[in-house]
Amino acid sequence: MAEHPTRWHAAAISPPVEGHNPEPTACVIDSQSVKTSANVPATTQGIDAGKKILGRKRSIVTHTLGLLLAVLVTAASVSDGTVVR
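Residues numbered from 1 in each chain as written. Predicted model: local features only at pLDDT ≥ 70, side-chain atom pairs only at ≥ 80, totals over all residues. Heavy atoms only, no water.

**Student:** Would you mind going over the pairing of strand β3 (residues 53-63) in detail, with residue names and values included?
**Tutor:** By the bridge criterion, 9 bridges tie strand β1 (residues 27-35) to β3 in an arrangement that is antiparallel. By the bridge assignment, Ile29 is partnered in β3 with Val61. Pairing of strand β2 (residues 46-48) with β3, which is carried by 3 bridges, proceeds in the antiparallel orientation. Pairing of Ile47 across the sheet is with Leu54, part of β3. Where β2 folds back onto β3 in an antiparallel hairpin, the turn is made up of 4 residues, including Lys52, whose phi is positive at roughly 55°. Taken together, the 7 bridges between β3 and strand β4 (residues 68-75) define a ladder with antiparallel strand orientation. In the strand pairing of β4, Val61 is matched with Ala70. (Pairing = 2+ DSSP bridges. Helix = DSSP H or I, 4+ residues; strand = E, 2+ residues; numbered from the N terminus.)

**Student:** Would you mind going over unusual backbone geometry in detail, with residue names and values included?
**Tutor:** Trans is the common state for peptide bonds, and a negative phi is the common state for residues other than glycine. The backbone of Lys52 sits at a positive phi, close to 55°, despite the residue not being glycine. For Lys52, the location among the structural elements is in the loop between β2 and β3. Owing to a relative accessible area of 73%, Lys52 belongs among the exposed residues under this scheme. (Buried < 20%, exposed > 50% of the residue type's maximum accessible area, 1.4 Å probe, protein only.)

**Student:** Which residues make up a nonpolar patch on the surface, and what values do they have?
**Tutor:** Taken together, the side chains of Ile60, Leu68, Val71 and Val73 define a hydrophobic patch exposed on the protein surface, amounting to about 370 Å² of accessible area. Examining the composition of the nonpolar patch, we find that 3 residues originate from one element, β4, more than from any other. Assignment of secondary structure puts Leu68 in strand β4. (Patch = residues over 30% accessible without salt bridge, like charges linked within 9 Å, V, L, I, M, F, W, Y side chains within 5 Å. Areas by Shrake-Rupley, 256 points an atom, 1.4 Å probe, with all protein chains shown as cover. Salt bridge = Lys/Arg side-chain N within 4 Å of Asp/Glu carboxyl O.)

So this is what it looks like as structure tokens:
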């Protein structure tokens, strides 16, 4: 188990390989709707109709190697398609 983070770290800082595009060519996008407290301003939250949750949505984009590329927090009412754009 202790070797995995070392391998990931080594992969993240390895020098570019000749003929290999350094830009990611594929990614994984995922989101999670979470409830918010009553103290949160109504303008920053929404209703995820599919899950019936009033709150916010956390979206992440990762490289296929598992490296984090982007994080976005929106109202839960924002669709996943909108987050991708």
